[in-house]
Amino acid sequence: GQQLNQSPQSMFIQEGEDVSMNCTSSSIFNTWLWYKQDPGEGPVLLIALYKAGELTSNGRLTAQFGITRKDSFLNISASIPSDVGIYFCAALGGTSYGKLTFGQGTILTVHP
Amino acid sequence: DTGVSQDPRHKITKRGQNVTFRCDPISEHNRLYWYRQTLGQGPEFLTYFQNEAQLEKSRLLSDRFSAERPKGSFSTLEIQRTEQGDSAMYLCASSFLTSGGPIYEQYFGPGTRLTVT
């Protein structure tokens with residue numbers, strides 16, 4: 001079935017550093033979404049991408065929809081302690097118009 | 001504008017019991033989704049509705065699981081004869097379908113944490 005490979009699995013960084021994480025797949029997707037999840041809560045939508053090659057920003061977050069439609073990356077600039085959490089990529093495509101396929105998540109820890 | 005709400009937030013049940021969870025989507029959203037998330041994993045799709053019609057079900061949704069959205073507003077997810085492997089976070093999400101085409105952004109609720117003892 002469709003799978004998303006998200007990396008890295010975890011990151012430990014200092015406050016102020018930039019962060020980059022990505023998702024790859026062997027399948028083509030039509031939409032890429034990035035979410036952040038805090039412990040015990042549901043995922044919160046950060047960025048949505050709809051076109052191959054699209055680069056979208058949301059404050060200190062920037063995400064891109066890969067030109068092959070098989071990958072996406074998320075960058076966080078100048079990290080702050082509240083960026084701590086688990087970041088998930090998710091993608092929609094193929095024969096399903098509702099099912100989001102999620103990556104395994106990247107656990108981000110920011111040291112003050 | 002209130003977000004997606006889920007009730008209860010936590011449920012502890014004994015193996016073999018039935019449980020039911022409720023999800024209230026964002027008010028103007030006509031699509032509603034159920035996902036399951038186990039520790040250390042991303043959410044896994046279970047099923048979704050467009051208004052009251054159930055359009056897609058995952059193979060994960062065994063015959064012990066049933067979801068309904070009778071009036072196209074709130075939805076319920078029932079698990080019959082619970083097993084320890086059903087312990088997970090059950091997440092609900094909603095999105096908006098317009099005449100111009102679907103908006104694929106899914107907004108999640110806080111989840112219901114199920115523990116089966």
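Above this note sits the structure.
Reading the values: the criteria
Residues numbered from 1 in each chain as written. Chains lettered and ligands numbered in written order. Predicted model: local features only at pLDDT ≥ 70, side-chain atom pairs only at ≥ 80, totals over all residues. Heavy atoms only, no water. Helix = DSSP H or I, 4+ residues; strand = E, 2+ residues; numbered from the N terminus. Rg over C-alpha atoms; globule rule 2.2 N^0.38 Å. Buried < 20%, exposed > 50% of the residue type's maximum accessible area, 1.4 Å probe, protein only. Contact = heavy atoms within 4.5 Å. Areas by Shrake-Rupley, 256 points an atom, 1.4 Å probe, with all protein chains shown as cover. Lys, Arg positive; Asp, Glu negative; His and termini not counted. Charge placed at Lys NZ, Arg CZ, Asp CG, Glu CD. Buried area = accessible area lost by both parts, 1.4 Å probe. Salt bridge = Lys/Arg side-chain N within 4 Å of Asp/Glu carboxyl O. Polar contact = N/O pair within 3.5 Å; in protein donor to acceptor, adjacent residues only side chain to side chain. Nonpolar A, V, L, I, M, F, W, Y, C, P; charged D, E, K, R; others polar. Pairing = 2+ DSSP bridges. Axes fitted to C-alpha atoms, helices over the stretch in contact; angles between N-to-C directions.

**Here we look at the overall build of chain A**
- When helices and strands are tallied, chain A shows zero helices and 11 strands.
- Moving toward the C terminus, one meets the helices and strands of chain A in the order β-β-β-β-β-β-β-β-β-β-β.
- Computed over C-alpha atoms, the radius of gyration of chain A comes to 13 Å, within 12% of the 13 Å expected from 2.2 N^0.38 for 112 residues, which places it in the range of a compact globule.
- In terms of overall dimensions, chain A has C-alpha extents of about 45 × 30 × 20 Å along its principal axes.
- For chain A, the residues scored as buried account for 46% of the 112 residues in total.
- For chain A, long-range pairs separated by at least 24 residues make up 54% of all intrachain contacts whose partners lie at least 6 apart in sequence.
- Accessible area of chain A: about 5200 Å², with a carbon and sulfur share of 53%.
- Taken as two groups, the 6 positive and 8 negative side-chain charges of chain A have centres that lie 15 Å from each other.

**Some points on the overall build of chain B**
- When helices and strands are counted, chain B shows zero helices and 13 strands.
- In chain B, the order of α-helices and β-strands from amino to carboxyl end is β-β-β-β-β-β-β-β-β-β-β-β-β.
- Its C-alpha atoms give chain B a radius of gyration of 14 Å, near enough to 13 Å, the size a compact globule of 117 residues would have.
- With the C-alpha coordinates of chain B rotated into their principal frame, the extents come out at 45 × 25 × 25 Å.
- In chain B, buried positions account for 45% of the 117 residues.
- Here the analysis covers contacts within chain B between residues at least 6 apart in sequence; of these, 55% occur between residues at least 24 apart.
- Carbon together with sulfur atoms contributes 45% to the accessible area of chain B, which is approximately 5900 Å² in total.
- For chain B, the separation between the mean place of its 14 positive charges and that of its 13 negative charges on side chains is 7 Å.

**Section: the interface of chain A and chain B**
- Facing 21 residues of chain A, the contacting portion of chain B comprises 22 residues.
- For the chain A and chain B pair, buried surface summed over both sides reaches about 1600 Å², with 57% attributable to carbon and sulfur atoms.
- Where chain A touches chain B, the interface holds one salt bridge.
- With a shortest N-O distance of 3.6 Å, B:Arg9 and A:Glu41 are connected by a salt bridge.
- Remark: the boundary between chain A and chain B carries six residue pairs in polar contact (both at pLDDT 80 or more).
- Secondary structure elements with two or more residues in the side of chain A that touches chain B: strand 4 (31-37), strand 5 (44-49) and strand 9 (85-92) of chain A.
- Examining the composition of the side of chain A that touches chain B, we find that four residues originate from one element, strand 4 of chain A, more than from any other.
- Looking at side-chain class alone, the side of chain A that touches chain B contains 11 nonpolar, eight polar and two charged residues.

**Some words on the pairing of strand 4 (residues 31-37) of chain B**
All names here are of chain B.
- Most of strand 4 is tucked away: seven of the seven residues are buried.
- The two faces of strand 4 match: Arg 31, Tyr 33, Tyr 35 and Gln 37 on one face and Leu 32, Trp 34 and Arg 36 on the other face are all buried.
- Looking at chain direction, strand 4 and strand 5 (residues 44-50) are connected through six bridges and run antiparallel. Residue Trp 34 lies in a different strand from strand 5, and its bridge partner there is Thr 47.
- Turn length for the strand 4-strand 5 hairpin, with the two strands adjacent in sequence and antiparallel, is six residues, and the turn residue Gly 40 shows positive phi of about 85 degrees.
- With seven bridges connecting them, strand 4 and strand 9 (residues 88-95) associate as antiparallel partners. Residue pairing for strand 9: Arg 36 is matched across the bridge by Tyr 90.

**Topic: the sheet that holds strand 7 (residues 65-68) of chain B**
Residue and element names in this part refer to chain B.
- Taken in spatial order, the four strands line up as 1-3-8-7 in an open sheet, and their pairing is antiparallel. The outermost strands of the open sheet, each flanked by one partner alone, are strand 1 (5-7) and strand 7. On average, each strand axis in the sheet is inclined to that of its neighbour by 15 degrees, with strand direction left out of account.

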